[in-house]
Protein chains: 6
Amino acid sequence: MEYSYLTETNKADVLIEALPYIRAFAGKVVVVKYGGSAMVDEEIQKNVIKDVALLKLVGMRPVIVHGGGKEISKWVSLLGKEPVFVAGKRVTDKETMEVAEMVLNKVNKNLVQLMERNGIKSVGICGKDGNTLHVTRATVEGQDIGFVGDIDKVDTGLLQSLIDQDFVPVVAPIGLDDEFQAYNINADDAACAIAEALGAQKLTFLTDIEGVCLDPKDKTTLIPRLSTKEALELVDKGNIGGGMLPKIHNCINAIENGVGSVHILDGRMAHCLLLEFFTDKGIGTAIYK
Amino acid sequence: MEYSYLTETNKADVLIEALPYIRAFAGKVVVVKYGGSAMVDEEIQKNVIKDVALLKLVGMRPVIVHGGGKEISKWVSLLGKEPVFVAGKRVTDKETMEVAEMVLNKVNKNLVQLMERNGIKSVGICGKDGNTLHVTRATVEGQDIGFVGDIDKVDTGLLQSLIDQDFVPVVAPIGLDDEFQAYNINADDAACAIAEALGAQKLTFLTDIEGVCLDPKDKTTLIPRLSTKEALELVDKGNIGGGMLPKIHNCINAIENGVGSVHILDGRMAHCLLLEFFTDKGIGTAIYK
Amino acid sequence: MEYSYLTETNKADVLIEALPYIRAFAGKVVVVKYGGSAMVDEEIQKNVIKDVALLKLVGMRPVIVHGGGKEISKWVSLLGKEPVFVAGKRVTDKETMEVAEMVLNKVNKNLVQLMERNGIKSVGICGKDGNTLHVTRATVEGQDIGFVGDIDKVDTGLLQSLIDQDFVPVVAPIGLDDEFQAYNINADDAACAIAEALGAQKLTFLTDIEGVCLDPKDKTTLIPRLSTKEALELVDKGNIGGGMLPKIHNCINAIENGVGSVHILDGRMAHCLLLEFFTDKGIGTAIYK
Amino acid sequence: MEYSYLTETNKADVLIEALPYIRAFAGKVVVVKYGGSAMVDEEIQKNVIKDVALLKLVGMRPVIVHGGGKEISKWVSLLGKEPVFVAGKRVTDKETMEVAEMVLNKVNKNLVQLMERNGIKSVGICGKDGNTLHVTRATVEGQDIGFVGDIDKVDTGLLQSLIDQDFVPVVAPIGLDDEFQAYNINADDAACAIAEALGAQKLTFLTDIEGVCLDPKDKTTLIPRLSTKEALELVDKGNIGGGMLPKIHNCINAIENGVGSVHILDGRMAHCLLLEFFTDKGIGTAIYK
Amino acid sequence: MEYSYLTETNKADVLIEALPYIRAFAGKVVVVKYGGSAMVDEEIQKNVIKDVALLKLVGMRPVIVHGGGKEISKWVSLLGKEPVFVAGKRVTDKETMEVAEMVLNKVNKNLVQLMERNGIKSVGICGKDGNTLHVTRATVEGQDIGFVGDIDKVDTGLLQSLIDQDFVPVVAPIGLDDEFQAYNINADDAACAIAEALGAQKLTFLTDIEGVCLDPKDKTTLIPRLSTKEALELVDKGNIGGGMLPKIHNCINAIENGVGSVHILDGRMAHCLLLEFFTDKGIGTAIYK
Amino acid sequence: MEYSYLTETNKADVLIEALPYIRAFAGKVVVVKYGGSAMVDEEIQKNVIKDVALLKLVGMRPVIVHGGGKEISKWVSLLGKEPVFVAGKRVTDKETMEVAEMVLNKVNKNLVQLMERNGIKSVGICGKDGNTLHVTRATVEGQDIGFVGDIDKVDTGLLQSLIDQDFVPVVAPIGLDDEFQAYNINADDAACAIAEALGAQKLTFLTDIEGVCLDPKDKTTLIPRLSTKEALELVDKGNIGGGMLPKIHNCINAIENGVGSVHILDGRMAHCLLLEFFTDKGIGTAIYK
């Protein structure tokens, strides 16, 4: 019986640790960028969506922004075209754009379907809806690569209205320009722009790595908490590089534009959102002002 | 100058005729089922969307429900499958359902894009969003034909919230069953179910015919206004038949379930919505209680 | 049949032209100064009131300000007195003031009666009610001419409350001074002061002329649209003079004090209000900032 | 000093007596029928209006309904006509009606002016405004006597809206029939109908007698408080007769139709309203259920 | 009968004098510091509480702040301790503090009980409740005298909420410091701090003297009304001294911190609150800006 | 690292278990009867109050009802009187009642002080405040035992208002009878009556035992969950007896009068409230309908 008594003390400890966070984040907007491996594996997908549902359940106001890179390539190939990239960005002609929209909307509505299965009302939109994401045509390395856009304005009317009505918005990264032409958008950029425009408490990237590590090859060197100043120093010292570099710059910008904190988590780890938000130590890297 | 003076009198007459209707319908919900040829021709599509935008502009609350039949077949074929129908309903296996969703969502978001181009905030949803359309698996002529559903419940929460926030909802006919599995739905049925659930003032079908004609081959025999009782008598006498028959039954059901009136219009006629709603005589067939 | 088909296109054109104006002016306050011939002829009166009723019907918020000059003279004479004027303003002794009040209130309540007949709830007030119009005793050409007042303050409490409750206020130009003594007020001045105090979108004068004409004798030289700057230039050049001169100065002041636009219309022309407000070209002269 | 000490005790006693009434009647509607001698004498008029202003000041919601009998006769004569009466009701041809309206509206706006002078916002309306008083043509002793109407419906929309916005409505007894033709109404009847429609707490008649006396010739036999049952018994026993008889029937009807109490006061007695409402004993006759 | 007629005139006069005050103070907060002899005599206590109840009845929003000096000494003695004072303030060790709290809360709830007996909903709180009174440890003449605190912050949340919900708060002068340790507070200081924090219209001290007298020994020299400037002059001239001196400084501070007026009344005089507030002359000394 | 990984899984499990309860109970009223040993030991008291603070923190709406038995006896003795009991109820003469009030109010405000120390706004009231607890004089075994009352009505106005304004009410069991005389009340009875009147989701007794055990001497026979029917059967079979018997009847009555569930917990066990409410198994005995 000794053991079970301990367990009850443990449970009480977890609760006493978590309750103040639950309270503090009630009613707060959290934008979750969802992509990469965490979106491919069906089991992980279930866990992620369950976490988002639990966040909503205890009063947070999640917004999901997703990508769809791998699926788009698959369908483009199915239709007999070869995917082309410039500096990691997809060259998007009219046909590719049509396929990209179809695929992103499919992914989008499937995530809605999963949320509904968890008992949470959810609505799948893209940047066309309510003219939410306004873009200008992007130039990559001096090249025009087609229907790829950079966000220059977020109209939060629809998002805010859905949030206020207790829906979880799920956003596909498509936007309109001044001529109401549709464009593909980088999902990380979309998540940042939306978090900033909503004044989100938290912006969270579900990635394929544990977070920011002093030595990227050794995950025991994970840094649980960084100020933007410390993050810039790590960049200067060369500790942060590669694919993490643009993400870190995104994070710092987001915080400077009013987002409370940015979290880089390993989306493959079960219930990473709950552990990051509701425990003292967290599980990935949190970047604060 | 005589002529221009006449024109001013004429303009005043049109306005004096129209203003009471504009007033009477302000704030009222009108569900527009949009499909057929009116959706294929780009010029007509522009006019239809402009009309819906004008209805919104003067205070009505339009909801668009669309189909996508011809495009779905096109894409199914592109992927190397043969479309199969039973009693006019598409046999929908898992692959076909995936394509149907992609195509319907593409059409959906394109209509949203057109509405936005007309300066009207619009949101594209399907029945998954907000768990709006709940279905049971359909049986057609005793046969299971796959992922085809009959609506048994409309949750108006999301639609009403969008309408209240001044958005024009555009709805793709996809629903979820008890297991949160997705199904294709007949667009006419979806329009009826939504109009009934919203207690719409008007339900309008944009079709490829002028309306109900005593002699379907002679469009000068168009009947501008019918009671449900008169409609049933015409059915009994055999004046109404063919593809019009199920439509008429849909109309009568809708009115019995609380819809104010149902309008069958020729979607190919320019500005048919304005002329039907804001002139004394109208332009198609209106069915009232 | 060709002709009727044309007519439908025409009707659609009129509606497409009018609907954006109807929308743009919905909820906006329009002050209509009503006087002159348009008030004497019974047929014209009916048309004017019908127009105001239609404006209200489609969501505008009309306020009528009226005079009563000719009727006052008639009754003063009936009681055996001779009307006397200084610089166009009535010398108003105590007895004349009593008659003026009786006549203005009679005209006032008759307009209310006509509005009610058109199905529009209306309330007849003068500047005493709710202490709406506060005046100081006027001096005309250095002379005291009795109970004639200049407005120095409008308390919009009552007017705003009536407008908010969906009544059409009809205002007789009588005010109170600091001692709560009653005074007669020039109706044009009252209309301007009320339009300014309410921040009206439009102030409209129903007069006995077509509008501002380059050559007042040739109505084909009517100017449909003027900026205040252009109006002042016309005054400087001598194109505007006579009775139009004080009206134009009133208009310019009103616009400078926040009224959206001022319209000078021929009150004798049928439905001049509808044509001026809901057609591109209008029918009289509109003055804008 | 003894005396002044007593006076302070006395003052406290008056306040302790009055405060619960003041509280109990706060927010309650009281309809004051104002007519007869109390309206002719200027000093009395000032006192009455001051009382009504004080009632408003401490939170009651007064509505004044007035007549104008003597003034109408004066003006009819001025215009060279002879007043004619049937059973005490004025035969009202078209010309007389025009004069009656002018005179009633003059009296009406003068009362408004007096209220404003006491610092109370007030609005003068007749039954045309807001279509408040709807009538049918009356028949008196089998005779048609012209534009004399019986109220059959009170639309309280305007009155309630004015009351809610803290204005004191002053009502002239003119109404409209189905054809929107204007009619003269008996002021006592108008006061009753309005009190009933508003569900007034109190209806008060300012008359030329002290109240109901057992012996009408001996004012020491005044009855301060009567139930409707007792009133009917007095009628049966013949104690109440003459001009008091229809008034008593009016009172009883009013109470049966929801008015809290009816008060018959001597309008010539200074501050009769305050003394009746805010002292235990009152000053006239109060009739309760 | 002559006499009773006079009495009615008198009653009307008292009411006409009182009604504007009643109106002017409706909804206004009045803080009543209640202590001294007025709290010991049971008959006087009943009258005071009845007055407060009547103030509430006619719409004022009273707050009672009370002391308990004599009772605390009694109970401290009962428990075998000797009361000790420094400069008029009680030396308060832990045991004394415990007794003081018990006694003050008893007095507090007894006043609540009396209010309830008068039909007024009342709530007894001390400065611990809602963390209303925040204190720092006091130093008196350079000495620490134990648990005696000076208020440095009033959190009006609870008081305002009780007032808004139509309760009469009764406040015992106990507060908490930063460590949430309880302290005794001087009741006059508490009344001032609360009146200032609430922006009270009136702060009233019920004392054992008539008010401020030019010659404190001659109550016919009572000054009914003083400006803060005049009060300071009296202090300078030496007319105000003794126990009145700190009270006067309290009054002046209160007014400078936003309280409308401060009243010093003889709490032993029956209904002093009604007479001070609702008569022109008042009964004690009122200090205004 | 294995171990810490497990711990994170464990934490996630505790959270996933707790979050739905946290959500389900958000905004729900829980009445906590606090007494016995848990109130004497200072360490336990701190834990209990911390738990209540955490319940409030995550959105529940706690109400504390406390007793004070042992302290009252102590103070009665201090003042030289002998406590007397009849059937476990204290014989309460006037002097004892005075002491009881003083002690209960002291305990009451000390609990408020502890809540404030935990950062939770709290208000200490007794049944006098807002006339919350109305009683009739109790008879115990046919004997009058003085100022001991049975609750016959709870006026929830004050409690509800405090709860709505986000305060935690702490209630001392004192009430008033029709004559506004104060009475002592059994704290368990007070907790039941308040929970019923508020329609509480939960009523919780913090006692000195683990809960309901099949064999009261063997705490491993604890029953975690009972229906009222099962509870009655246990009473019939004799498993429940002694001091537990009246408590069980209280519980059953409470549930029949609308309380969602009643919980009997060991108040001495650390964080028993959190563990009972936010874990699947709970820690004491829960009784449901």
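Residues numbered from 1 in each chain as written. Chains lettered and ligands numbered in written order. Predicted model: local features only at pLDDT ≥ 70, side-chain atom pairs only at ≥ 80, totals over all residues. Heavy atoms only, no water.

### Structural notes on the overall build of chain A
Moving on, step 1. When helices and strands are tallied, chain A shows 10 helices and 14 strands.
Moving on, step 2. In summary, chain A has a C-alpha radius of gyration of 19 Å against a globular reference of 19 Å for 289 residues, a match within 12%.
Moving on, step 3. Principal-axis analysis of the C-alpha atoms places the extent of chain A at approximately 65 × 45 × 35 Å.
Moving on, step 4. Put simply, chain A has 289 residues, and 58% of those count as buried.
Moving on, step 5. Taking as baseline every contact in chain A between residues at least 6 positions apart, the subset at least 24 positions apart corresponds to 72%.
Moving on, step 6. In the structure as shown, chain A presents an accessible area of about 11400 Å², 51% of it carried by carbon and sulfur atoms.
Moving on, step 7. Within chain A, one finds 31 positive and 40 negative side-chain charges whose respective centroids are separated by 3 Å. (Helix = DSSP H or I, 4+ residues; strand = E, 2+ residues; numbered from the N terminus. Rg over C-alpha atoms; globule rule 2.2 N^0.38 Å. Buried < 20%, exposed > 50% of the residue type's maximum accessible area, 1.4 Å probe, protein only. Contact = heavy atoms within 4.5 Å. Areas by Shrake-Rupley, 256 points an atom, 1.4 Å probe, with all protein chains shown as cover. Lys, Arg positive; Asp, Glu negative; His and termini not counted. Charge placed at Lys NZ, Arg CZ, Asp CG, Glu CD.)

### Observations regarding the relation of the copies chain F and chain E
Moving on, step 1. Least-squares fitting of chain F to chain E yields an RMSD of 0.0 Å, with the superposition described by an axial translation of 0.0 Å and a rotation of 180°. Classification of the inter-copy transformation places it as that of a two-fold axis. The C-alpha atom lying nearest the rotation axis in chain F is that of Met102 of chain F; the distance is 2.5 Å.
Moving on, step 2. With an isologous cut-off of 70% or more, the 100% of interface residues of chain F that recur at the interface of chain E puts this contact in the isologous class. (Least-squares fit on C-alpha atoms with pLDDT ≥ 70 in both.)

### Description of the sheet that holds strand S11 (residues 202-207) of chain C
All names here are of chain C.
Moving on, step 1. Taken together, the eight strands give an open sheet; going across it, the order is S5-S8-S2-S1-S11-S13-S14-S12, and neighbouring strands pair in mixed fashion. Lying at the two open borders of the sheet, with one neighbouring strand each, are strand S5 (122-126) and strand S12 (225-227). Pairwise comparison of adjacent strand axes, ignoring direction, gives a mean angle of 20° for this sheet.
Moving on, step 2. Bridge count for strand S1 (residues 29-34) against strand S2 (residues 61-66) is six bridges, and the pairing is parallel. Along S2, the bridge assignment pairs Val29 with Arg61.
Moving on, step 3. Against the sheet, helix H9 (residues 244-256) makes contact with S11, strand S13 (261-266) and strand S14 (285-288), and its axis sits at roughly 150° relative to S13, the strand it touches most. (Pairing = 2+ DSSP bridges. Axes fitted to C-alpha atoms, helices over the stretch in contact; angles between N-to-C directions.)

### Remarks on the environment of His263 of chain A
Residue and element names in this part refer to chain A.
Moving on, step 1. For His263, the location among the structural elements is in strand S13 (residues 261-266).
Moving on, step 2. Taking the C-alpha atoms as reference points, His263 and Leu203, 60 residues apart in sequence, are found 6.2 Å from one another.
Moving on, step 3. Setting aside its immediate chain neighbours within four residues, His263 contacts Lys202, Leu203, Thr204, Phe205, Glu276, Phe277, Thr285, Ala286 and Tyr288.

### Notes on the pattern of salt bridges
When the charged atoms of two side chains with opposite charge come close together, those side chains can pair.
Moving on, step 1. Following the criterion strictly, the structure yields 96 salt bridges over all chains and no others.
Moving on, step 2. Among the ionic pairs, Asp166 of chain B bridges to Lys56 of chain B, the shortest N-O distance being 2.9 Å. In this pair, Asp166 of chain B sits in the loop between helix H6 (157-164) and strand S8 (168-172) while Lys56 of chain B sits in helix H3 (residues 42-57), placing the two residues 110 residues apart along the sequence.
Moving on, step 3. With a relative accessible area of 41%, Asp166 of chain B lands in the partly exposed category.
Moving on, step 4. Across the pair Arg137 of chain D and Asp144 of chain D runs a salt bridge, and its minimum N-O distance is 2.6 Å.
Moving on, step 5. You can call Arg137 of chain D partly exposed: its relative accessible area is 38%. (Salt bridge = Lys/Arg side-chain N within 4 Å of Asp/Glu carboxyl O.)

### Describing the pairing of strand S1 (residues 29-34) of chain E
Residues and elements named next belong to chain E.
Moving on, step 1. S1 sits mainly inside the fold: six of its six residues count as buried.
Moving on, step 2. Going residue by residue along S1, you find Val29, Val31 and Lys33 tucked away on one face and Val30, Val32 and Tyr34 tucked away on the opposite face as well.
Moving on, step 3. With five bridges connecting them, S1 and strand S11 (residues 202-207) associate as parallel partners. For Val30, the partnering residue across the bridge sits in S11 and is Lys202.

### Notes on the interface of chain F and chain E
Moving on, step 1. Listed as interface residues are 38 residues of chain F and, on the opposing side, 38 residues of chain E.
Moving on, step 2. At the boundary of chain F with chain E, total buried surface from both sides reaches about 3100 Å², with 60% on carbon and sulfur atoms.
Moving on, step 3. On the chain F side of the interface with chain E, the three residues burying the most area are Met102, Lys109 and Phe180 of chain F, jointly 21% of the side's total.
Moving on, step 4. Our enumeration of links across chain F and chain E arrives at six salt bridges.
Moving on, step 5. Between Lys109 of chain E and Asp129 of chain F there is a salt bridge whose closest N-O contact spans 2.7 Å.
Moving on, step 6. Joining chain F to chain E, the criterion identifies 26 residue pairs in polar contact (both at pLDDT 80 or more).
Moving on, step 7. Put simply, the parts of the chain that give the side of chain F that touches chain E at least two residues each are helix H4 (69-78), helix H5 (94-117), strand S5 (122-126) and helix H6 (157-164) of chain F.
Moving on, step 8. No other element matches the 13 residues that H5 of chain F contributes to the side of chain F that touches chain E.
Moving on, step 9. Of the residues contributing to the side of chain F that touches chain E, the split by class is 16 nonpolar, 11 polar and 11 charged. (Buried area = accessible area lost by both parts, 1.4 Å probe. Polar contact = N/O pair within 3.5 Å; in protein donor to acceptor, adjacent residues only side chain to side chain. Nonpolar A, V, L, I, M, F, W, Y, C, P; charged D, E, K, R; others polar.)

### Describing the packing of aromatic side chains
Moving on, step 1. For the coordinates displayed, the defined rule picks out 18 aromatic pairs over all chains.
Moving on, step 2. Pairing Phe25 of chain D with Phe277 of chain D gives two aromatic rings, centres 6.4 Å apart and planes at 75°, and the pair type is edge-to-face. Of the two residues, Phe25 of chain D is situated in helix H1 (residues 2-25) and Phe277 of chain D in helix H10 (residues 272-278); the sequence distance between them amounts to 252 residues. You'll find Phe25 of chain D and Phe277 of chain D in the same group, each marked buried.
Moving on, step 3. Aromatic rings pair up to connect Tyr21, Phe25 and Phe277 of chain A into one cluster. (Phe/Tyr/Trp six-rings, centres within 6.5 Å; stacked < 30°, edge-to-face > 60°.)

### Digging into the interface of chain A and chain B
Moving on, step 1. Across the contact, 38 residues belong to chain A and 38 residues belong to chain B.
Moving on, step 2. Counting each side, the surface lost to burial between chain A and chain B is near 3100 Å², with a carbon and sulfur contribution of 60%.
Moving on, step 3. Linking chain A with chain B are six salt bridges, by the criterion used here.
Moving on, step 4. Here Glu98 of chain B and Lys106 of chain A are joined by a salt bridge, their closest N and O atoms 2.5 Å apart.
Moving on, step 5. Linking chain A with chain B are 26 residue pairs in polar contact (both at pLDDT 80 or more).
Moving on, step 6. Looking at the side of chain A that touches chain B, the elements that each hand over two or more residues are helix H4 (69-78), helix H5 (94-117), strand S5 (122-126) and helix H6 (157-164) of chain A.
Moving on, step 7. Looking at the side of chain A that touches chain B element by element, the count peaks at 13 residues for H5 of chain A.
Moving on, step 8. Taken together, the residues that form the side of chain A that touches chain B break down as 16 nonpolar, 11 polar and 11 charged.

### Quick look at the sheet that holds strand S14 (residues 285-288) of chain A
Residues and elements named next belong to chain A.
Moving on, step 1. Pairing in this open sheet of eight strands is mixed, and the strands run S5-S8-S2-S1-S11-S13-S14-S12 from one edge to the other. Edge positions in the sheet fall to S5 and strand S12 (225-227), since each has one partner strand and no second. Neighbour-to-neighbour, the strand axes of this sheet turn through a mean angle of 20°, independent of strand direction.
Moving on, step 2. Lying over the sheet, helix H8 (residues 228-237) contacts S12 and S14, oriented at roughly 90° with respect to S12.

### Re the side chain of Lys202 of chain F
All names here are of chain F.
Moving on, step 1. Take Lys202: it is sitting in strand S11 (residues 202-207).
Moving on, step 2. Although Lys202 lies buried, it forms no salt bridge, and the closest oppositely charged side chain, Glu276, sits 6.6 Å away as judged by the N-O distance.
Moving on, step 3. Engagement of the side chain of Lys202 in a polar contact is seen with the side chain of His263, the distance being 3.2 Å.
Moving on, step 4. With residues up to four places along the chain from it excluded, the contact list for Lys202 reads Phe25, Val29, Val30, Val31, Met60, Val259, Ser261, His263, Phe277 and Tyr288.

### Details of the packing of helix H7 (residues 187-198) of chain E against helix H9 (residues 244-256) of chain E
Residues and elements named next belong to chain E.
Moving on, step 1. Relative to each other, H7 and H9 sit at 10°, their axes nearing to 10 Å. Of the possible angle classes, the one that applies to H7 and H9 is roughly parallel. Every residue of H9 that contacts H7 at Asp188, Asp189, Cys192 and Glu196 is listed here: Lys247, Asn250, Asn253 and Ala254.
Moving on, step 2. Partitioned by chemical class, the residues of the contact of H7 with H9 number two nonpolar, two polar and four charged. (Parallel < 35°, antiparallel > 145°, perpendicular 65-115°, else oblique.)

Bear in mind that shape data such as this cannot, by itself, settle questions of function.
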